[in-house]
Amino acid sequence: MTGFWTRMAGRGPAEIVIAGVPVGPGSRVRLRPRAQADVFDLVLDGRVAVVESVEQDDEGAFHIAVTLDDDPGRDLGEARLPGHRFFYSAEEIEPLAEQDGRPVPGRVLVAGIGNVFLGDDGFGVEVARHLAGQAGVPGMEVVDFGIRGMDLAYALQRDYTGVVFVDAALRGLAPGTLTVLEPELPDGDDASVETHGMDPVRVLRLARQLGRLPARVRVVCCEPASVEEDPFELSAPVRAMVGEAAGLVKSLVMDMIAESATPDARDPAPTVR
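Definitions and cut-offs
- Residues numbered from 1 in each chain as written.
- Predicted model: local features only at pLDDT ≥ 70, side-chain atom pairs only at ≥ 80, totals over all residues.
- Heavy atoms only, no water.
- Helix = DSSP H or I, 4+ residues; strand = E, 2+ residues; numbered from the N terminus.
- Buried < 20%, exposed > 50% of the residue type's maximum accessible area, 1.4 Å probe, protein only.
- Contact = heavy atoms within 4.5 Å.
- Areas by Shrake-Rupley, 256 points an atom, 1.4 Å probe, with all protein chains shown as cover.
- Salt bridge = Lys/Arg side-chain N within 4 Å of Asp/Glu carboxyl O.
- Pairing = 2+ DSSP bridges.
- Axes fitted to C-alpha atoms, helices over the stretch in contact; angles between N-to-C directions.
- Core = buried A, V, L, I, M, F, W, Y, C linked by side-chain atoms within 4.5 Å.

A. Summary view of the overall build of the protein. From N to C terminus, the protein includes eight helices and 13 strands. Relative to its full complement of 273 residues, the protein shows a buried share of 45%. Excluding contacts between residues fewer than 6 apart, the proportion of contacts in the protein whose partners are at least 24 apart in sequence is 72%. In the structure as shown, the protein presents an accessible area of about 13,800 Å², 52% of it carried by carbon and sulfur atoms.

Shown next as structure tokens:
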């Protein structure tokens, strides 16, 4: 069994072409299992799924890893847990193309980060909660990571086209001032992340070391008034900016998704007939 998973773990091309349609991470497909050998084949036949990755075994065959589009535990599939993530051959999926014939644009992760026990440092967490209670942007996934830096670094290994961090940051501005940053990672090998700490630069370094960073990274930060111990309480000027920050995040996400849908120069995808 171990040998099987080792063979299946090889990362394949960014996308392949099935029935004339490019299929890659984020593409929506309909499942058509051929074997009909077990209960999963019977239950999943005809269901709509989202492609997580294209894998290639040591014999060169393609295997498409998918999670069900309507699975409430889809994040477990993205974490590669059995029962929520399934492999199919190219012949067992039907691409669901958009009107222009391209796959659905990629997903963007919105990561709320910060320590809710340190006053305004919990700003990112509060914005994530605010966004979770609103109508979302298609393709946007909001997660409250708090101070779980290691979890965030591993989450960035999924096939997101972009990530928006939301955090509090001291920049010497008036409390409540919002700033959008495009971080540049310095060279260096220090990719250590505290188990119960959150340093966005170190998280990005670790994600890069693990093998993958989204193509687009933005940080929406708010100038804090206080980062002293005051559980679950934001200062008045910072709390007043939660709604505006949520709107700014949505705007950035829509821009990232639009950019990801723009054709760019890349090698032709392998064609599966």
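What follows continues from the structure just given.
B. Just the pattern of salt bridges, in detail. Tallied over the full model, the rule gives eight salt bridges. The shortest N-O distance in the salt bridge between Arg129 and Glu126 comes to 3.9 Å. A residue pair is termed a helical-turn pair when its members lie 3 or 4 positions apart in one helix, as Arg129 and Glu126 do in helix H4 (residues 123–132) at three residues. Accessibility expressed as a relative area gives 22% for Glu126, which makes it partly exposed. Note that Arg216 is salt-bridged to Glu259, the shortest N-O span being 3.0 Å. Taken together, the residues Arg216 in strand E12 (residues 216–222) and Glu259 in helix H8 (residues 242–260) connect sequence positions 43 residues apart. Taken together, the shared-partner salt bridges in this structure form one network comprising Glu52, Arg107 and Glu141.

C. Molecular detail of the pairing of strand E5 (residues 62–68). In terms of burial, E5 is largely enclosed, as seven of its seven residues are buried. Both faces of E5 are covered, namely the face carrying Phe62, Ile64, Val66 and Leu68 and the face carrying His63, Ala65 and Thr67. Across seven bridges, the pairing between strand E4 (residues 48–56) and E5 is antiparallel. Looking across to E5, one finds that Gln56 is bridged to Phe62. Where E4 folds back onto E5 in an antiparallel hairpin, the turn is made up of five residues, including Gly60, whose phi is positive at roughly 90°. By the bridge criterion, three bridges tie E5 to strand E6 (residues 86–88) in an arrangement that is antiparallel. Considered in E6, the bridge of Ile64 is made with Tyr88.

D. The sheet that holds E5, seen in detail. Spatial strand order, E6-E5-E4-E3-E7: five strands in an open sheet with antiparallel pairing. The sheet terminates laterally at E6 and strand E7 (93–95), the two strands that pair on one side only. In this sheet, adjacent strand axes meet at a mean angle of 50° when their direction is disregarded.

E. Main features of the pairing of E12. Within E12, six of the seven residues are buried, leaving the element largely enclosed by the surrounding structure. Where strand E10 (residues 160–168) and E12 come together, seven bridges link them in parallel fashion. Across the sheet, the residue bridging to Ala168 is Cys222, located in E12. With four bridges connecting them, strand E11 (residues 178–181) and E12 associate as antiparallel partners.

F. Just the nonpolar core, in detail. Ranked by internal contacts, the top residues of the largest apolar core, which has 22 residues, are Val110, Phe123, Val127, Val164, Val166, Val249 and Val253. If you tally residues by element for this core, the top one is H8, at eight residues. In this view, Val253 contacts Val108, Val110, Val137, Met140 and Val164; residues no more than four positions away in its chain are not counted. By size, the runner-up hydrophobic cluster in this structure holds 19 residues, among which are Leu109, Ile113, Val163 and Val219.

As far as function goes, none of this settles anything; it's purely spatial.
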